[in-house]
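Here is what each chain is made of, one letter per residue.
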Amino acid sequence: MTANGWFQIAFFLLVVFLLTRPLGVFMSRVFSGEKTFLDPIMRPVERIVYRLTGVDEKHEMRWTEYAVAMLLFSGVSMALLYLIERTQKWLPFNPQKLPNVDPALAFGTAASFSTNTNWQAYSGESTMSYLTQMAGLAYHNFASAAVGIALAIVVIRGIACKETDKLGNFWVDTTRCLLWVLLPVCLVGSLVLVSQGVVQNLKPYTTVQLLDPQAVQVTGADGKATTQLVTQQVIAQGPVASQEVIKEFGTNGGGFFNANSAHPFENPTPFSNFFEMVLIFAIPSGLTYTLGRMTGSQRHGWAVWGAMAFLFFVGVTTAYWAEARGNPLLLGTDQRAGALHSGGNMEGKEARFGIANSALFTTVTTDASCGAVNGQHDSFTPLGGMVPLINIMLGEVVFGGVGAGLYGMIVFVILAVFIAGLMVGRTPEYLGKKIESYDVKMAMLAILILTFTILGFSAIAVVKPFGTSSISNPGPHGLSQVIYAYVSSTGNNGSAFGGLSVNTKWYNTSTAVAQLLGRFFMIIPILAIAGSLAKKKTVPESAGTFPVTGPLFTALLIGVVLIVGALTFFPALSLGPILEHLLMLAGKSF
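S.K.: Go over the pattern of salt bridges, please, and point to the residues and values.
M.R.: Counted by the stated rule, this structure contains 13 salt bridges. Across the pair arginine 29 and glutamate 34 runs a salt bridge, and its minimum N-O distance is 3.3 Å. A salt bridge links glutamate 429 to lysine 434; its shortest N-O distance comes to 3.0 Å. Overall, glutamate 429 belongs to the buried group, its relative accessible area being 7%. Overlapping salt bridges, with partners in common, bring together Arg43, Glu46, Glu57 and Arg176 in one network.

S.K.: Give me the lowdown on unusual backbone geometry, citing residues and values where you can.
M.R.: A positive phi angle is found at asparagine 118, which is not glycine, with a value near 60°. We note that leucine 431 has phi near 50°; this positive angle belongs to a residue other than glycine. Along the polypeptide, leucine 431 turns up in the loop between β3 (429-430) and β4 (433-434). By relative accessible area, leucine 431 is classed as partly exposed at 24%.

S.K.: Residues and numbers for helix α4 (residues 103-114), please.
M.R.: With 12 residues, α4 extends 16 Å from end C-alpha to end C-alpha; this agrees with the ideal 16 Å at 1.5 Å per step. Burial analysis of α4 places 10 of its 12 residues in the buried class, which makes it a mostly covered element. Among all positions in α4, only Ala104, Leu105, Ala106, Gly108, Thr109, Ala110, Ala111, Ser112, Phe113 and Ser114 are buried. Where α4 is buried, its residues touch α3 (63-87), α5 (124-127), α6 (130-160) and α17 (505-535). If you check the start of α4, you find a side-chain oxygen 3.1 Å away from the backbone N of alanine 104, and it comes from aspartate 102.

S.K.: If you had to explain empty space enclosed by the protein to someone new, which residues and values would you point to?
M.R.: The full count for this structure, using the stated rule, is six cavities of 30 Å³ or more. Considered as a void within the structure, the largest cavity measures approximately 320 Å³ in volume. The wall of the largest cavity is formed by 30 residues, among which Gly395, Glu396, Gly408, Leu450 and Met522 lie closest to the centre. Here the element with the most residues in the lining of the largest cavity is helix α13 (residues 404-424); it accounts for six residues. Grouping the amino acids of the lining of the largest cavity by side-chain chemistry returns 15 nonpolar, 13 polar and two charged. Every residue lining the second largest cavity is listed: Phe73, Ser74, Ser77, Ser114, His140, Ala143, Ser144, Val147, Arg519 and Phe520.

S.K.: Describe the nonpolar core, and please don't skip the residues or the numbers.
M.R.: Counting 127 residues, the largest nonpolar core has Val181, Leu182, Ile283 and Phe312 as its most contacted members. For phenylalanine 312, the residues in contact, after removing those within four places along its chain, are Phe12, Leu13, Phe281, Leu360, Thr363, Val364, Asp367, Val398 and Phe399. In terms of nonpolar packing, the next biggest core, distinct from the first, is built from 23 residues, Ala111, Phe113, Trp119 and Phe457 among them.

S.K.: Kindly report on the layout of surface pockets, identifying the contributing residues and their values.
M.R.: Within this model, the largest pocket holds a volume of roughly 600 Å³. Around the largest pocket sit 32 residues that line it, and Gln120, Asn258, Gln376, Ala496 and Gly498 are the ones nearest its centre. Considering only residue class, the lining of the largest pocket consists of 13 nonpolar, 17 polar and two charged.

S.K.: Got a sec to walk through the packing of aromatic side chains? Specific residues and values, please.
M.R.: Across all of its chains, the model carries 31 aromatic pairs by this definition. Geometrically, the ring pair formed by phenylalanine 12 and phenylalanine 274 is edge-to-face, given 6.3 Å between the ring centres and 85° between the ring planes. Highlighted residues: phenylalanine 12 in helix α1 (residues 3-31) and phenylalanine 274 in helix α9 (residues 270-295), separated in sequence by 262 residues. Taken together, a centroid distance of 6.1 Å and an interplanar angle of 10° make the contact between phenylalanine 271 and phenylalanine 275 stacked. With a gap of four residues between them, phenylalanine 271 and phenylalanine 275 both fall in helix α9, about one helical turn apart. A relative accessible area of 42% places phenylalanine 271 in the partly exposed class. The structure contains a cluster of three or more aromatic residues connected by ring pairs, namely Phe7, Phe11, Phe12, Phe17, Phe274, Phe281, Tyr289, Trp302, Trp305, Phe312 and Phe399.

About the thresholds
- Residues numbered from 1 in each chain as written.
- Predicted model: local features only at pLDDT ≥ 70, side-chain atom pairs only at ≥ 80, totals over all residues.
- Heavy atoms only, no water.
- Salt bridge = Lys/Arg side-chain N within 4 Å of Asp/Glu carboxyl O.
- Buried < 20%, exposed > 50% of the residue type's maximum accessible area, 1.4 Å probe, protein only.
- Helix = DSSP H or I, 4+ residues; strand = E, 2+ residues; numbered from the N terminus.
- Expected span 1.5 Å × (residues − 1).
- Contact = heavy atoms within 4.5 Å.
- Polar contact = N/O pair within 3.5 Å; in protein donor to acceptor, adjacent residues only side chain to side chain.
- 1 Å grid on protein atoms, 1.4 Å probe; cavity = no way out; pocket = protein on both sides within 12 Å on 5 of 7 lines; lining within 4 Å.
- Points joined across faces, edges and corners; volume = space filled by probe spheres on them.
- Nonpolar A, V, L, I, M, F, W, Y, C, P; charged D, E, K, R; others polar.
- Core = buried A, V, L, I, M, F, W, Y, C linked by side-chain atoms within 4.5 Å.
- Phe/Tyr/Trp six-rings, centres within 6.5 Å; stacked < 30°, edge-to-face > 60°.

Structure representation (structure tokens):
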């Protein structure tokens, strides 16, 4: 670890902190219908959209109607993406003449991008046409992000409203999110990325002659290996910058290229790397301020932000320490940081970014359910690879995805105040609302859905040949690969541990089901909580009211998040990365 590395981590968190208030205020004004500086441009466009689609912007929905609208929109969008994938061979903007996507892979990808997971069991540059990338995948990057933010806003409204069953209009919230929040930033952000060298064109791939031809071993259909001399290379390109910016800002994570944000056409410079990380945390962090502003308790919003920031710092510190200390099995190798190299475990990491930025990017992307990667998690040390695994296992509430992180954290807030109420022997309260058995049951249901889906699918995959046949490393590392696949899918993260061959019927189908359960089955009980809270009366604070605005509440919230995660997943972690770490110290690798 170096002073420069710590400075970059601290500077990143400082920038995120400075963006929290202005972005939070802006989103609060947008979703409260207050005037913003974009209104002269966006309001006419918004009215045209409502007129064309027949939306009554003054119509208020109950939580059940809001949920049905969200499910219908997501379902139709998913079906449209599946259709585009299955017919891309005959559609325009396919200069490489790529074939139609296989049905199982198309279904898995459609479910993935519709749920903001962006799990990719394929190489984007060799599978998806430009039209599929733009009209299919990039569209879902906007739509799924807007849905997540709208759901967070409706939960905030449920907390803020008093004695009503009306929580806003799904179509209005989604439209305003697209027009006011996502599109303006992405238009500017894509130009920033282009200025750094991120590619943006519609040209066919370029074939170039290698200055130094390479001899490679090729295995034929008969199983025999032959040596071939490679003299050419195909340079993939396309509309990358426009997808890259919403991939990060919408915490989607699906890369145009298989190498994702480690590819120089997606992430060419240290500045682009920093800019992309800030985009990932911007909305999730800003929503904590929106929570405080819309509920009238700004200190509560900062208390939630403080809990998230603490958990983030613990995660990045652990990952940075684990990777910087190197691999003890590489005897005789100088892994100390020096003037000519960053030291530590550089396997699977880009030399352009080094240990600190790889550990930081890994922590950010798995805290925020983004899934974009600038290194290979499978190549991290056991404890370094455990950090992204735990981040997602906690429900990705450490800032979390756009919207999803906040409403996931609200579940833990409800559990925290419930536990506080038990300790003092009175009915728990949350910002003046009584937390009753129905609210706690719905909160636990959301957590149990996450747990059951991850552990259930993982258990099947590690005992059946169709699951174990995809594992590249035996022992505890192979277990980590399988668990990570379902943690990433259910948590709607989309990053891959690597080393697991997931483009099979079993993994394409099972991960798609896990993604749908993790997104939609979890949000229904959370919306039910919002509807329940909105109907409640507000009671004044008393001497026995547990405050949700100070360090004590922040500490309790952190404890609840960690205890729930530890009790649920510690057995799996002990058989995976923890056991692998102990065996590594004993001189054994996998």
